[in-house]
Amino acid sequence: MVYIAASLDWITMAENKRNYQKELEKILDEVEKSGKKPKLLLHACCGPCSSYCLEYLTHYFDITIYYYNPNIDPKEEFEYRVSELKRLIKEMPLENKVELIVEHYDHNEFKSHTKGLEDEPERGKRCTMCYALRLSRTAEYAAEHHYDFFTTTLSISPYKDADRLVQIGEALSKKCGVRYLTSDFKKRNGYKRSIELSTQYNLYRQDFCGCHFSKEENDKRRADVLKKLQKDGKVTVGEIK
Ligand code: SF4
């Protein structure tokens, strides 16, 4: 993994002063005017997040989905998300054929890159390292295989920080020479549309990001909500599953 910066302190938590959706639309406009379909390597974490991005982008790009997610734990979860993604690509009527590359799974890669950040909350520094790990490998693959652009579906989630993703993507782009497709896919109602498409294709929608820390956080959030509902008499112990 050659592109990961030794320190990611340069990632600022700056306010989003750029309009990533407008920037994306400008690129799409350029692509349309060129009359060509550039090759896009689209890093993806699951079927639901991919659904909207594929619907939106296949008109403009020749897309390969790159599934590199060593953060996902356990392996069965990783495999189930892949199988749902494969099913989506098969069932969704897309303008052109979408390829899928499933990278090797080694959860130790995630553990070693996030060592010491285990207690960080979701959206904290552990997530920055996790984004960088996944985008770094994507950039590397894009350069090795002569893609015109790379990007990720991750920004579609309301829990994901588009600023950080763009900063990492653009820094990697300078190193690898492949253009980063600037985006914040939650804009233009992207997240809402991904929920609609997930319902339409009956996709598995996981309730945690991927690592076991996010699973624990989610379980705790859910338990707190249930406890409160129970306390308020809105739910009884027998109804809690
Ligand atoms: S919460 Fe998600 S983005 Fe953050 S470290 Fe875990 S898997 Fe990665």
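Student: Outline the nonpolar core, listing residues and values.
Tutor: L40 and F150 are the most contacted members of the largest nonpolar core, which has 55 residues in total. Among the elements of the structure, α1 (20-34), β1 (39-43), α2 (47-57), β2 (62-67), α3 (75-91), α5 (125-144), β4 (149-152) and α6 (162-176) are those that each provide at least two residues to this core. Filtering out sequence-adjacent residues up to four positions away, F150 remains in contact with L41, T138, A139, A142, V178, Y180 and L181.

Student: Provide a residue-level description of the site of the ligand, including the pertinent values.
Tutor: Around the ligand lies a shell formed by N71, E122, R126, C127, C130, C209, G210, C211, F213 and S214. Every element with two or more residues in the shell around the ligand is listed here: α5 and α8 (212-231). A total of three residues in the shell around the ligand trace back to one element, the largest contributor, which is α5. The residue makeup of the shell around the ligand, split by class, is five nonpolar, three polar and two charged.

Student: Could you give me a rundown of α2, with the residues and numbers involved?
Tutor: Among the 11 residues in α2, nine count as buried, and that is most of the element. Buried residues along α2 sit against β1, β2, α3 and α7 (190-200).

Criteria and thresholds
Residues numbered from 1 in each chain as written. Predicted model: local features only at pLDDT ≥ 70, side-chain atom pairs only at ≥ 80, totals over all residues. Core = buried A, V, L, I, M, F, W, Y, C linked by C-beta atoms within 7 Å. Buried ≥ 20, exposed ≤ 12 C-beta atoms within 10 Å, placed from the backbone. Helix = DSSP H or I, 4+ residues; strand = E, 2+ residues; numbered from the N terminus. Contact = placed C-beta atoms within 7 Å. Near = placed C-beta within 6 Å. Nonpolar A, V, L, I, M, F, W, Y, C, P; charged D, E, K, R; others polar.

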